[in-house]
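Structural overview for review
What follows is the residue order along each chain.
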Amino acid sequence: MKKVLIYICTLLCGLSMAFYVPAFAADKNTQKINVFLNGELIIFPNQQPEVVERRTLIPLRGIFEKMGYDVSWDAKTKSCVISNDIQVITMRSGHKGMQVNDRAYMLDVPAQIINNSLMIPLRAVAECTGATVTWDAPTKAVYINSNQKEQITYSVSEYVTEYSEAISELDSANALFNTLNSLTDKNYNKKVDNLKKESKNAKESLNSVYTKLSEITPPDEYIDFHNLSMESVETSIELCELVDRMADESLSYDEASAEINAIKERADKINSELGNVTAGLNMSLYR
């Protein structure tokens, strides 16, 4: 287990510290997931939210209709159209693609039918509506806030400033990474309490960064970069949560290794995509 913790440090430090999405990951127990919209608990009469491929899926109708959207379903094509006065959103069961007006998005997991309900990943709610979506792992609760001021699209220089300010709190996560870097078989038992405390602080910082990033509307050429940055936050928080479970010894070596490998694959993919996206961007962003 100690060796696994030391190995995870490599993954944490390998994930670019410049780009950080709370993940809406859940552990392996079956505790009910509660969803709150603007402080109100949403009651799902049929299918309940559940976790698929480490992503929380929620019934589409239960959320979008509460947010004032019209929802129509085409059983023949297994696709739905969600619309209001300013948006037309199209999703199809079994597909990761999502169309919002004239812009296409790719989701981590596809929309899918479970017990006759079309289920969508939480990330889709944020990307479709601009709402802030926060996952509270200890209570298994999702908080969706759609009561937001109209977002303003920034110029490149304004975006760089806002982005830099949003990620400034990441420095407070360095204590966790430094502790992980210093772990050995001999000093592990002495440092495990600090590890737990620093992981808690790191998650608080990452959640704060995610909230700030979600309030920024980047220039068109920075949209992919911004979305990947938020996805990187998600992955970083998943790693923190995994550290917590390992430090509490609630995961076996084999379970931890399997989850680390899955997170590593996702982190490698994010970093690769970020490299491709940033190749043509204004390098003043990386200051």
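Here, every reference points to the structure presented above.
Residues numbered from 1 in each chain as written. Predicted model: local features only at pLDDT ≥ 70, side-chain atom pairs only at ≥ 80, totals over all residues. Heavy atoms only, no water.

1. A look at the overall build of the chain
Looking only at helices and strands, the chain features 8 helices and 13 strands. Out of the 287 residues in the chain, the part that is buried amounts to 49%. When the accessible surface of the chain is totalled, it reaches about 13900 Å², and 48% of it is carbon and sulfur. (Helix = DSSP H or I, 4+ residues; strand = E, 2+ residues; numbered from the N terminus. Buried < 20%, exposed > 50% of the residue type's maximum accessible area, 1.4 Å probe, protein only. Areas by Shrake-Rupley, 256 points an atom, 1.4 Å probe, with all protein chains shown as cover.)

2. Some thoughts on the pairing of strand β13 (residues 141-145)
As paired elements, strand β1 (residues 34-37) and β13 share 4 bridges and run parallel to each other. Across the sheet, residue N34 finds its bridge partner in β13, namely A141. Sheet analysis places strand β12 (residues 132-136) next to β13, joined by 5 bridges and oriented antiparallel. Residue pairing in the sheet places D136 in a bridge with A141 of β13. Between the end of β12 and the start of β13, which pair antiparallel, lie 4 residues, with K140 showing a positive phi angle near 55°. (Pairing = 2+ DSSP bridges.)

3. Thoughts on the sheet that holds strand β11 (residues 117-121)
The 4 strands are arranged β3-β4-β11-β10 in an open sheet whose pairing can be described as antiparallel. The open sheet has two edge strands, β3 (50-52) and β10 (112-114), and neither has a second partner. Across this sheet, the average inter-strand angle for adjacent strands is 45°, counted without regard to direction. (Axes fitted to C-alpha atoms, helices over the stretch in contact; angles between N-to-C directions.)

4. Concerning the packing of helix α6 (residues 188-214) against helix α7 (residues 223-247)
Relative to each other, α6 and α7 sit at 155°, their axes nearing to 9 Å. With respect to α7, the axis of α6 lies roughly antiparallel. Regarding α6 and α7, the two cross each other, and that crossing is left-handed. The residue makeup of the contact of α6 with α7, split by class, is 15 nonpolar, 5 polar and 4 charged. (Parallel < 35°, antiparallel > 145°, perpendicular 65-115°, else oblique. Left-handed = near helix turned anticlockwise from the far one by under 90°. Nonpolar A, V, L, I, M, F, W, Y, C, P; charged D, E, K, R; others polar.)

5. A short note on the packing of aromatic side chains
Counted according to the given criterion, the structure contains 6 aromatic pairs. Judged by centre distance (5.2 Å) and plane angle (50°), the rings of Y159 and Y222 are tilted. On the criterion of sequence distance, the pair formed by Y159 in helix α4 (residues 156-166) and Y222 in the loop between α6 and α7 is long-range, its members being 63 residues apart. For Y222, a relative accessible area of 2% translates into the label buried. Ring centres of Y222 and F225 lie 6.3 Å apart, and the angle between their planes is 85°; on these two criteria the pair is classed as edge-to-face. Pair check on accessibility: Y222 and F225 agree, each one buried. Grouped by ring-pair contacts, the aromatic residues Y159, Y163, Y222 and F225 constitute a single cluster. (Phe/Tyr/Trp six-rings, centres within 6.5 Å; stacked < 30°, edge-to-face > 60°.)

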